[in-house]
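One letter stands for each residue in the lines below.
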Amino acid sequence: MSVEIPTTMIPPGSAVSLKIEVMTQFNISAAVAKQKANRFLAMNAGNMLAAGDPELIVGATLHWRVPVLFGTPAKGMRGRVGELIVDADTGEVQLENPFDLEEMLRHAEILYSGAPSPTGA
């Protein structure tokens with residue numbers, strides 16, 4: 001899990017002590033968020049993109065940030081190409097930007113064409 005704090009909130013040169021306590025219930029676990037992200041990717045981007053381990057993001061709403069990874073059976077896992085957002089209450093999978101899916105696919109194509117196989121084949 002992670003909590004993001006903008007650096008603009010921390011004065012330069014200051015000592016920082018943080019105590020964060022969040023008490024809430026949400027319906028979607030990290031495992032379910034990953035499953036939902038994988039289903040979204042399978043239906044919208046094919047089988048070479050997969051969800052990584054989600055991070056819980058605490059803000060105005062709780063959501064999971066799920067990294068999107070690219071790999072092939074022949075070349076193995078090649079790298080991160082983007083991320084999806086999964087609402088921790090409803091399970092809705094979202095893109096931050098409507099063009100993010102196109103960007104993920106473009107990054108995957110770059111990784112595919114330029115990445116050598118881990119077996120040297």
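Before reading on, note that the structure itself is shown above.
Residues numbered from 1 in each chain as written. Predicted model: local features only at pLDDT ≥ 70, side-chain atom pairs only at ≥ 80, totals over all residues. Heavy atoms only, no water.

Enquirer: Help me out: how do you make sense of the overall build of the chain in this one?
Expert: If you tally the helices and strands in the chain, you get two helices and five strands. Listed N to C, the secondary structure of the chain is α-β-β-β-β-β-α in terms of helices and strands. For the chain, buried positions account for 29% of its 121 residues. Look at the contacts in the chain between residues 6 or more apart in sequence, and 44% of them connect residues 24 or more apart. For the chain, the accessible area works out to roughly 8200 Å², and carbon and sulfur atoms hold 56% of it. (Helix = DSSP H or I, 4+ residues; strand = E, 2+ residues; numbered from the N terminus. Buried < 20%, exposed > 50% of the residue type's maximum accessible area, 1.4 Å probe, protein only. Contact = heavy atoms within 4.5 Å. Areas by Shrake-Rupley, 256 points an atom, 1.4 Å probe, with all protein chains shown as cover.)

Enquirer: Got a minute to help me understand a nonpolar patch on the surface in this structure?
Expert: A surface patch of nonpolar side chains, amounting to about 360 Å² of accessible area, comprises I10, V16, L18 and I20. Given the relative accessible area of 57%, L18 is considered exposed. (Patch = residues over 30% accessible without salt bridge, like charges linked within 9 Å, V, L, I, M, F, W, Y side chains within 5 Å. Salt bridge = Lys/Arg side-chain N within 4 Å of Asp/Glu carboxyl O.)

Enquirer: Is there a simple way to think about the nonpolar core in this case?
Expert: Ranked by size, the top nonpolar core spans 20 residues in total, and within it L49, W64, V68, V81, L84 and V86 carry the most contacts. When contributions to this core are tallied by element, the ones reaching two or more residues are helix 1 (30-45), strand 1 (49-51), strand 3 (62-72), strand 4 (76-87) and helix 2 (100-114). Not counting residues up to four positions away in its chain, the partners in contact with W64 are F26, I28, S29, A30, A33, P54, E55, L56, L84, I85, V86 and A88. (Core = buried A, V, L, I, M, F, W, Y, C linked by side-chain atoms within 4.5 Å.)

Enquirer: Is there a simple way to think about the pairing of strand 4 in this case?
Expert: Sheet faces and side chains relate simply in a regular strand, where the side chains alternate between the two faces. The pairing of strand 3 with strand 4 spans ten bridges and is antiparallel. In the strand pairing of strand 4, H63 is matched with D87. Linkage of strand 3 to strand 4, two consecutive antiparallel strands, is achieved through a turn of three residues. Relative to strand 5 (residues 93-94), strand 4 runs antiparallel, the two sharing two bridges. Within strand 5, the residue paired with I85 across the bridge is Q94. Linkage of strand 4 to strand 5, two consecutive antiparallel strands, is achieved through a turn of five residues, within which G91 is found at a positive phi near 85°. (Pairing = 2+ DSSP bridges.)

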